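A structural walkthrough
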Amino acid sequence: MTQAPSEMRSRIMRAIKGTNTGPEMRVRRLTHGMGFRYRLHGRGLPGRPDLVFRPRRKVIFVHGCFWHQHDCTKGNRTPKTNRAYWAYKLRRNVERDGENQAQLRALGWDVLVVWECETKDLEVLEERIRGFLGGNPSASS
């Protein structure tokens, strides 16, 4: 028996993860391999950042290009059905991201956003993360 398109879409959407995604895992492995230690999914911080470096007061968000509307080809897609719903949902995600980042900065935190498409070139990403966190990993222990 085949599923109706809306039932199939609902099943697919329910399966989408918010944490421990492929891009997030690539950033975590890379950062850990560089010697930096962090906490995950910062409870109590606005937006629950994916990686939290408390002694440095720095956080990293790993954003999916589609869900957070990056200006790359993957992020510039719009679903063909139920456009009003998706336009509102995606716009609200972007607004909430901005609000959370502003709150973190007001609390004295530095914020880095890593986009899903940026996790493909690990050498460039490593340089960017090292520049953000500083060169000395032992200072984050």
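Sequence order as written defines residue numbering, which begins from 1 separately in each chain. Under the rules for a predicted model, residues below a pLDDT of 70 receive no local features and side-chain atom pairs below 80 are neither given nor counted, while totals for whole chains, interfaces and linings still include all residues. Processing note: side-chain calculations cover all non-hydrogen atoms of the structure and skip hydrogens and water entirely.

1. Notes on the sheet that holds strand β2 (residues 51-53)
For clarity, the threshold we go by: One bridge is not enough; two strands pair if DSSP finds at least two bridges between them. Counting from the N terminus, the helices are DSSP H or I runs at least four residues long and the strands are E runs at least two residues long. Working rule for contacts: check all heavy atoms of both residues, and any pair within 4.5 Å makes them a contact. In this analysis an axis means a line fitted to C-alpha atoms, helices contributing only their contacting stretch, and an angle means the value between N-to-C directions, from 0 to 180 degrees.
Spatially, β1-β2-β3-β4 is the arrangement adopted by the four strands of the open sheet, whose pairing is mixed. The open sheet has two edge strands with one neighbour each: β1 (39-40) and β4 (110-115). Note that β1 and β2 share two bridges and pair antiparallel. By the bridge assignment for β2, Arg39 is matched with Val52. Packing against the sheet, helix α2 (residues 22-33) makes contact with β1, β2, β3 (58-63) and β4, and its axis sits at approximately 30° to β2. Those strands touched by helix α3 (residues 83-106) are β3 and β4, and its axis lies near 170° from that of β3.

2. Section: the pairing of β3
The side chains of a regular strand alternate between the sheet's two faces. Note the threshold: Note on exposure labels: buried denotes an accessible area under 20% of the residue type's maximum, exposed denotes more than 50%, and partly exposed covers the range between, all computed with a 1.4 Å probe on protein chains only.
Along β3, six of the six residues are buried, which leaves the element largely enclosed by surrounding structure. Here β3 shows no split at all, with Lys58, Ile60 and Val62 on one side and Val59, Phe61 and His63 on the other all buried. Across three bridges, β2 lies against β3 in antiparallel orientation. Paired with Phe53 across the strands is Lys58, a residue of β3. The hairpin turn running from β2 into β3, its antiparallel successor, is four residues long, and Arg57 in that turn takes a positive phi close to 55°.

3. Re the packing of α2 against helix α4 (residues 122-133)
Applied cut-off: Crossing handedness is read from the near helix: turned anticlockwise from the far helix by less than a right angle, it gives a left-handed crossing, and turned clockwise, a right-handed one. Here the term charged refers only to Asp, Glu, Lys and Arg, the term nonpolar to Ala, Val, Leu, Ile, Met, Phe, Trp, Tyr, Cys and Pro, and the term polar to all other amino acids, Gly among them.
Put simply, α2 and α4 touch, their axes get as near as 10 Å, and they point 65° apart. Once α2 is placed against α4, the crossing between them reads as right-handed. Residues Val27, Leu30 and Thr31 of α2 pack against Leu122, Leu125, Glu126, Ile129 and Leu133 of α4. In terms of residue class, the contact of α2 with α4 is made up of six nonpolar, one polar and one charged.

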